[in-house]
Amino acid sequence: KIGHLTDVHVGPYVSVRDVKKMAALLQDEKPELLAITGDFIDDVSLMPGVMTAMKPLLASLPLGAWFCMGNHEHLRGAAPIRRLLVENGIHILDNQRQTLPYGGGQFVLAGVDYPMGASVSTRPAAARHFLDTACASAADSDFTVLMAHHPDFLPIAFERRIHLTLAGHTHGGQLGWGQRSPFEFIYPYMRGVYRDQQSFGFVSSGAGHWMPFRLNCPPEVGIITLRRRA
């Protein structure tokens, strides 16, 4: 059972108290692992309080908490954010993979950095390079979960037949239309679950925001339960 937290954007519109509520919701579900897919913090001065609020959740995770960087981490100061995360026991995957044991077997957890500085035209090539680096030594038979902030990684992950990709960044458009968003012309993978053959991708609407409104697109924390095929 994987807890998924993304786009919290702790800062002007999301408080430490809000993070405590998010952490409690996740802890109630008893996940084995927490995947945080970037844009976690906008005000770095709030990080100590945020880590205190998350301490009970972090202590309850048998397989730990794992993080990949988003664009806002780079904008707000990647080095101090990385240091504070690691000091509080959160593992960062920067174009890396980790093999984790579970249920008498194992699976691969990979994480990719945000392709900061790449243009819209060059981002797919940068994303492909990051993903190739992260998964270079993974066998095709390894069950693989990929953490990526930007959903631009989904088509490459589908091409590589990665089993599950978790992403965010879009906030679901912050404006919903049914279960989708009217802004999907901007992001083809905007909100919800996507599938390509036996590969799945989930783009979360995010737990926070950096504009003070949402319409028919509520914030969310995710729980993904994986079951062994019978």
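See the structure printed just above.
Position numbers for residues start from 1 in each chain and track the written sequence from start to end. Only residues with pLDDT of at least 70 get local features here, since the model is predicted, and only at 80 or more are side-chain atom pairs given and counted; chain-wide, interface and lining totals rely on the full set of residues. Heavy atoms throughout the structure, all of them, feed into the side-chain values; hydrogens and water do not.

## Focus on helix H5 (residues 123-134)
Along an α-helix, residues three or four positions apart point the same way, because every turn accommodates 3.6 residues.
Part 1 of the argument: In DSSP terms, a helix is any run of H or I states spanning at least four residues, a strand is any run of E spanning at least two, and both are numbered starting from the N terminus. In a helix, the anticipated span is given by 1.5 Å times the number of residues less one. The terminal C-alpha atoms of H5 lie 16 Å apart, and with 12 residues this matches the ideal 16 Å at 1.5 Å per residue to within 8%.
Part 2 of the argument: When a residue's accessible area, from a 1.4 Å probe over protein chains only, is under 20% of the maximum for its type it is buried; when over 50% it is exposed; and in between it is partly exposed. Every buried residue of H5 is listed here: Arg 123, Ala 126, Ala 127, Phe 130, Leu 131 and Ala 134. Down the axis of H5, the buried set is contained in an arc of 130 degrees. They therefore lie on one face. Of the exposed residues in H5, the ones pointing more than 90 degrees away from its buried face are Ala 125 and His 129.
Part 3 of the argument: Throughout, a residue-residue contact means that at least one pair of heavy atoms, one from each residue, lies within 4.5 Å. Tucked into the core, H5 has its buried residues touching strand S5 (96-102), strand S6 (105-111), strand S7 (144-147) and helix H6 (153-159). Relevant arc is that of directions from the helix axis to the C-beta atoms, nothing else.

## A closer look at helix H4 (residues 78-87)
Part 1 of the argument: Listed as buried for H4 are Ala 78, Ile 81, Leu 84 and Leu 85. Taken down its axis, H4 places every buried residue within 135 degrees of arc, on the same side. When the buried face of H4 is taken as reference, the exposed residues oriented beyond 90 degrees from it are Ala 79, Val 86 and Glu 87.
Part 2 of the argument: Check the buried side of H4 and you find it contacts helix H2 (47-59), strand S3 (65-67), helix H3 (71-76) and strand S4 (90-92).
Part 3 of the argument: Downstream of H4 by one or two residues, Gly 89 has phi in the positive range, about 80 degrees.

## Considering the nonpolar core
Generally speaking, soluble globular proteins have nonpolar side chains that are buried together.
Part 1 of the argument: To qualify as a nonpolar core, a set must consist of buried Ala, Val, Leu, Ile, Met, Phe, Trp, Tyr and Cys residues joined through side-chain atoms within 4.5 Å. Among the nonpolar cores identified, the biggest contains 29 residues, and Leu 5, Val 8, Leu 34, Phe 40 and Met 54 are the most heavily contacted of them.
Part 2 of the argument: The set of elements that each furnish at least two residues to this core consists of helix H1 (16-28), strand S2 (33-36), H2, S3, H4 and S4.
Part 3 of the argument: The dominant element in this core, judged by the number of residues it contributes, is H2, at six residues.

## Considerations on the pattern of salt bridges
Part 1 of the argument: Whenever Lys or Arg places a side-chain nitrogen within 4 Å of a carboxyl oxygen from Asp or Glu, that contact is recorded as a salt bridge. Applying the stated rule across the entire model yields nine salt bridges.
Part 2 of the argument: Notably, a salt bridge pairs Arg 83 with Glu 87, separated by 3.8 Å at the nearest N-O pair. One end of the pair is Arg 83 and the other is Glu 87, both in helix H4 and four residues apart, which spans about a single turn.
Part 3 of the argument: By relative accessible area, Arg 83 is classed as partly exposed at 46%.
Part 4 of the argument: Judged by relative accessible area, which is 56%, Glu 87 ranks as exposed.
Part 5 of the argument: Between Asp 196 and Arg 161 there is a salt bridge, with the nearest N and O atoms lying 3.5 Å from each other. Of the two residues, Asp 196 is situated in strand S9 (residues 192-196) and Arg 161 in the loop between H6 and strand S8 (164-167); the sequence distance between them amounts to 35 residues.
Part 6 of the argument: For Arg 161, a relative accessible area of 38% corresponds to the partly exposed category.
Part 7 of the argument: Beyond isolated ion pairs, a larger network of salt bridges with shared partners links Arg 82, Asp 94 and Asp 113.

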